[in-house]
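A closer look at the structure
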2 protein chains.
Amino acid sequence: MASKHYSNLDLINLVDSFPNAATHPVFHAERLGELSILVHDAHTLGYILPSVTAVLKDTKLSGTHWGFSGKVITLAGETVEERSENIRKTTESWRENGIFDVLRGWRNELYTVYSPKGHEYFRLERSACALFGVVTYGASVHMTAYTASPLKIWVPRRNPEKPTYGGLLDNTVAGGISSGTSVFETLVRESEEEASFPENLIREKARAVGHVSYFYQRMKTAGGEEGLFQPEVQYVYDLEVGNNVIPKPCDDEVQDFKLMDVGQVKAELAKGSFKPNCSLVLLDFFIRHGIITPENEPDYIEIGSRLHRLLEFPTR
Amino acid sequence: MASKHYSNLDLINLVDSFPNAATHPVFHAERLGELSILVHDAHTLGYILPSVTAVLKDTKLSGTHWGFSGKVITLAGETVEERSENIRKTTESWRENGIFDVLRGWRNELYTVYSPKGHEYFRLERSACALFGVVTYGASVHMTAYTASPLKIWVPRRNPEKPTYGGLLDNTVAGGISSGTSVFETLVRESEEEASFPENLIREKARAVGHVSYFYQRMKTAGGEEGLFQPEVQYVYDLEVGNNVIPKPCDDEVQDFKLMDVGQVKAELAKGSFKPNCSLVLLDFFIRHGIITPENEPDYIEIGSRLHRLLEFPTR
């Protein structure tokens, strides 16, 4: 049985799946017409599915938590704390009543949602972010550890028992940035927790090399309700290591690490073996390291642009 | 007298100046409402100012060269050759009659305009591209030559006699990709012509590292009419060199080269000393090399995304 072969652009399409206003204005307008928007001060903070809006309108809590005006939804509260409390009560009542499958992945981990220009607007349980379609800005850091000559990449396999994307391949280090933690300190912590990299190695050798951003509309494989909106930003780091540095699983996230050459990584990408958003970090790595070139990739420009999608929501 | 200080985001705004449909839908729609669009098969190939449309309608040539239907303009011709011939006759008659200042920079150099999906659609004199607002895809290659430790960058100063951006700083190598020439072969040729880099050095050591794209609406400093549309893509290369490799001017484009450290390059960027689109290539270099980081640049994500703008026109 022939298995599916994913081109590099296919891998982008899987993750950057919400229509782009620049290149697909009609699809974009049509999709926007179907949903509600979470708004603050004339700025759109997130997109909400009709099924979620219906539940939101139907949620009975004491006091005013939400405002509705046509397709526009607002979150009540004068301060970050008040707004965070309002959205917490709402989402906890949904969780207690088992309304959304996506909340079964409740993490007790708060993400920050920003309003322009980079002001903290409210904090929200991580697993509930997609219900409001807010940018999980600074949601994660992803690092590729590699040896330079020959170029080989340390690739972990996710624990098969993980509820999402269990058993798929991943980036060497990847982890979420919780409210109140800086990007680099998250990288240091996750590098130790996931790969047993010592702190001083990361502080001395990890290099910030940009970001990857995309607008994902969730598929079944992501768990929970289909169609939820997940605009995301990943901060990207490279770590060049010598042959004496060997990552080791530390927590139960990772099953094992393998040192793969470029051909093996490409083959696994084409088979769809990687967690979808991790494949984007590897495509960006291959572009920056001269593996994917204008000569060997017909969609070079589109791929490079879509790996850095400018999102229509406020940034941190 | 205090001189202007440009932030990194200011440098982007100077060059990526056409409103983005994702983040500024109202401005984008308003601007679109003012102009005509060059169309093929329901695909928009370029934007045309009302002043140019008026001249186009008024241009008398034997035979049919253009179609007009409301705001939609089409180029007549069944083949690439016929279309290229039609647009050549049109632009040459403008040039002979001295109608557009921008055509004083006539180069006798043809650029290719593509239709989806990557098919050559017509070829057009380089200096006339902005009149039709077509993407000068693959318009140029830009390379940064640098020494690694300490990190220093070879920066040329443009010949002060050049009609555009004379005397400003530039990327180590930068040059246009003419019709029929590949990206990498253009890099090899320009590296020899502009910096006297030997061919084998480029073939062995130059590394493709991505692209930079933006949508520029021309200002007075660009020469010719203001407001013309210039959506552009630059293929970006890095060249790490040792202390024994010294670029030397070969043609009359460059006055001299200086080896600047990161602090000097940053200071010249902030003073606006670089040719505007070259500053973007350096910002991308600083992001990829860990000089600009999430910790020291508040607009990190916006800058990284806007350096790779997804253009609303067909790609090569």
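Please read these numbers as outputs of a predicted model, since none were measured by experiment.

With respect to the domain arrangement of chain A
Residues and elements named next belong to chain A. If you check the domain split of chain A, you get domain 1 (8-17 + 136-306) and domain 2 (35-128). Look at where the C-alpha atoms of domain 1 and domain 2 centre, and you get two points 29 Å apart. The contact between domain 1 and domain 2 buries some 1100 Å² in all, and 64% of this surface belongs to carbon and sulfur atoms. Seen at the junction of domain 1 and domain 2, the total is zero salt bridges. Summed over the shared surface of domain 1 and domain 2, the result is three residue pairs in polar contact (both at pLDDT 80 or more).

Overview of the packing of helix 8 (residues 262-271) of chain A against helix 9 (residues 276-288) of chain A
All names here are of chain A. Helix 9 packs onto helix 8 with a crossing angle of 140° between their chain directions and a minimal axis gap of 11 Å. With respect to each other, helix 8 and helix 9 are oriented oblique. Considering only the axes of helix 8 and helix 9, their crossing is left-handed. For the pair helix 8 and helix 9, contact is made by Val262, Val265, Lys266 and Leu269 and by Ser279, Leu282, Leu283 and Phe286, respectively. Looking at the contact of helix 8 with helix 9 residue by residue, the classes come out as six nonpolar, one polar and one charged.

A closer look at the packing of aromatic side chains
Applying the stated criterion to the full structure yields 32 aromatic pairs over all chains. Taken together, a centroid distance of 4.9 Å and an interplanar angle of 65° make the contact between tyrosine 47 of chain A and phenylalanine 313 of chain A edge-to-face. Here tyrosine 47 of chain A is found in strand 2 (residues 43-48), whereas its partner phenylalanine 313 of chain A is found in the segment after helix 10 (300-306), with 266 residues between them in sequence. Each of the two residues, tyrosine 47 of chain A as well as phenylalanine 313 of chain A, counts as buried. Centre to centre, the rings of tyrosine 47 of chain B and phenylalanine 215 of chain B are 5.8 Å apart; their planes meet at 25°, and the pair counts as stacked. Of this pair, tyrosine 47 of chain B sits in strand 2 (residues 43-48) while phenylalanine 215 of chain B sits in strand 10 (residues 207-217); the two residues are 168 residues apart in sequence, bridging distant segments of the chain. A relative accessible area of 4% places tyrosine 47 of chain B in the buried class. Taken together, the aromatic side chains of Phe18, Tyr47, Phe215, Phe229 and Phe313 of chain A make up a single cluster linked through ring pairs.

A closer look at the relation of the copies chain B and chain A
The relation between the two copies of this chain is a rotation about an axis and a shift parallel to it. Superposition record for chain B on chain A: RMSD 0.0 Å, screw rotation 180°, translation along axis 0.0 Å. One copy is carried onto the other by what is essentially a two-fold rotation axis. For chain B, the minimum C-alpha distance to the rotation axis belongs to alanine 21 of chain B and amounts to 2.9 Å.

Comments concerning helix 6 (residues 183-195) of chain A
Along its 13 residues, helix 6 of chain A runs 17 Å from first to last C-alpha, staying within 8% of the 18 Å computed at 1.5 Å per residue. Every buried residue of helix 6 of chain A is accounted for by Val183, Phe184, Thr186, Leu187, Val188, Glu190, Ser191, Glu194 and Ala195 of chain A.

Looking at the interface of chain B and chain A
On the chain A side, the residues contacting the 40 residues of chain B number 40 residues. Counting the surface lost from both chain B and chain A, the interface buries some 3100 Å², and carbon and sulfur atoms represent 62% of this. Counting every contact that joins chain B to chain A gives zero salt bridges. Inspection of the region where chain B meets chain A yields 13 residue pairs in polar contact (both at pLDDT 80 or more). In the side of chain B that touches chain A, the residues fall into 18 nonpolar, 12 polar and 10 charged.

Things to note about the sheet that holds strand 1 (residues 36-40) of chain B
All names here are of chain B. Here we have four strands laid out as an open sheet, ordered 2-1-4-3, and mixed in their pairing. The sheet is open, and its two edges are formed by strand 2 and strand 3 (66-69), each paired on a single side. On average, each strand axis in the sheet is inclined to that of its neighbour by 30°, with strand direction left out of account. Two strands pair when backbone bridges link them, and strand 1 and strand 4 (residues 72-75) are joined in this way by two bridges, in the parallel orientation. Looking across to strand 4, one finds that isoleucine 37 is bridged to valine 72.

Brief notes about the sheet that holds strand 2 of chain A
Residue and element names in this part refer to chain A. Within the open sheet, the four strands sit side by side as 2-1-4-3. Their pairing is mixed. Of all the strands in the sheet, the pair left with one neighbour each is strand 2 and strand 3 (66-69). With strand direction ignored, the average angle separating the axes of adjacent strands in the sheet is 30°.

Describing the pairing of strand 10 of chain B
All names here are of chain B. Most of strand 10 is tucked away: 10 of the 11 residues are buried. Here 10 bridges tie strand 10 to strand 11 (residues 229-240), and the two strands are oriented antiparallel to one another. Among the inter-strand pairings, histidine 211 is bridged to a residue of strand 11, identified as tyrosine 235.

Considerations on the pairing of strand 1 (residues 36-40) of chain A
Residue and element names in this part refer to chain A. Inspection of the sheet shows strand 1 paired to strand 2 by five bridges, in the antiparallel sense. Across the sheet, the residue bridging to isoleucine 37 is tyrosine 47, located in strand 2. Two successive antiparallel strands, strand 1 and strand 2, enclose a turn made up of two residues, where aspartate 41 displays a positive phi of approximately 55°.

With respect to the pattern of salt bridges
Any two side chains of opposite charge can pair, so long as their charged atoms come close to each other. Inspection of every chain in the model, using the stated rule, returns 36 salt bridges over all chains. A salt bridge links glutamate 120 of chain B to arginine 123 of chain B, with the nearest nitrogen and oxygen atoms 2.7 Å apart. Residue classification places glutamate 120 of chain B among the partly exposed residues on the basis of a relative accessible area of 33%. Measuring nitrogen to oxygen at the nearest pair gives 3.7 Å for the salt bridge that ties glutamate 268 of chain B to lysine 271 of chain B. Residue glutamate 268 of chain B and its partner lysine 271 of chain B are both found in helix 8 (residues 262-271); the two are separated by three residues, about one turn of the helix. Connected via shared salt-bridge partners are Asp16, Glu302, Arg306 and Arg309 of chain A.

The rules we used
Residues numbered from 1 in each chain as written. Chains lettered and ligands numbered in written order. Predicted model: local features only at pLDDT ≥ 70, side-chain atom pairs only at ≥ 80, totals over all residues. Heavy atoms only, no water. Domains from an automatic or database assignment. Buried area = accessible area lost by both parts, 1.4 Å probe. Salt bridge = Lys/Arg side-chain N within 4 Å of Asp/Glu carboxyl O. Polar contact = N/O pair within 3.5 Å; in protein donor to acceptor, adjacent residues only side chain to side chain. Axes fitted to C-alpha atoms, helices over the stretch in contact; angles between N-to-C directions. Helix = DSSP H or I, 4+ residues; strand = E, 2+ residues; numbered from the N terminus. Parallel < 35°, antiparallel > 145°, perpendicular 65-115°, else oblique. Left-handed = near helix turned anticlockwise from the far one by under 90°. Contact = heavy atoms within 4.5 Å. Nonpolar A, V, L, I, M, F, W, Y, C, P; charged D, E, K, R; others polar. Phe/Tyr/Trp six-rings, centres within 6.5 Å; stacked < 30°, edge-to-face > 60°. Buried < 20%, exposed > 50% of the residue type's maximum accessible area, 1.4 Å probe, protein only. Least-squares fit on C-alpha atoms with pLDDT ≥ 70 in both. Expected span 1.5 Å × (residues − 1). Pairing = 2+ DSSP bridges.

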